[in-house]
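Structure assessment
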Amino acid sequence: MALSEADVAECMKIMTKLKRNKESAAFRQPVDAVKLGIPHYHDIITSPMDLHTIEQNLKVYRYHTVHDFAADVRLIWSNCEKFNGKDNGFTESAGILDGIFTQWLEEFLKKKGEVGSAQVTAQYAD
């Protein structure tokens, strides 16, 4: 069973906010390893993810739970750190976005009445 139409709409709102944030520029589309001159990217990152792909997955109801959605969003940030290392501008942007995402996710889940704020990080974090 996929997310409800209402849940997808809320997740899409979160995606729109993420994409509008200036820190998200590097994460909006799939990494083009050839164009960026990083042919080894897919040797290191075996499960690539980006904001556009997540939006497409939401549109076709590919996610069964909010947890599945959150896991893909957080996969973007973890892939970034895995490829670029901790001390990198892209990784810094990913950290900023993760903090913002966590706040929006918490608000969404509170509105749904699914989980208290103290449980959000434990249940929906990597």
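As shown above, the structure is provided for reference.
Here is what the cut-offs are and how they apply
- Residues numbered from 1 in each chain as written.
- Predicted model: local features only at pLDDT ≥ 70, side-chain atom pairs only at ≥ 80, totals over all residues.
- Heavy atoms only, no water.
- Phe/Tyr/Trp six-rings, centres within 6.5 Å; stacked < 30°, edge-to-face > 60°.
- Buried < 20%, exposed > 50% of the residue type's maximum accessible area, 1.4 Å probe, protein only.
- Salt bridge = Lys/Arg side-chain N within 4 Å of Asp/Glu carboxyl O.
- Helix = DSSP H or I, 4+ residues; strand = E, 2+ residues; numbered from the N terminus.

What follows concerns the packing of aromatic side chains. Note on aromatic pairs: each is described by the distance of the centres and the angle between the planes. All chains considered together, the criterion is met by four aromatic pairs. Between Tyr63 and Phe69 the ring centres are 6.2 Å apart and the planes differ by 75 degrees, which places this aromatic pair in the edge-to-face class. Each member of the pair, Tyr63 together with Phe69, is buried. Three or more aromatic residues joined by ring pairs make a cluster, and in this case those are Tyr63, Phe69 and Phe101.

Quick look at the pattern of salt bridges now. Where charged atoms of side chains with opposite charge meet at close range, the side chains can pair. Using the criterion set out here, one finds seven salt bridges in the structure. Taking the shortest distance from any N to any O, the salt bridge between Lys112 and Asp7 comes out at 2.8 Å. Within this pair, whereas Lys112 is found in helix H5 (residues 89-112), its partner Asp7 is found in helix H1 (residues 5-20), the two being separated by 105 residues in sequence. Overall, the relative accessible area of 30% leaves Lys112 in the partly exposed class. A salt bridge links Lys111 to Glu10; its shortest N-O distance comes to 3.2 Å.

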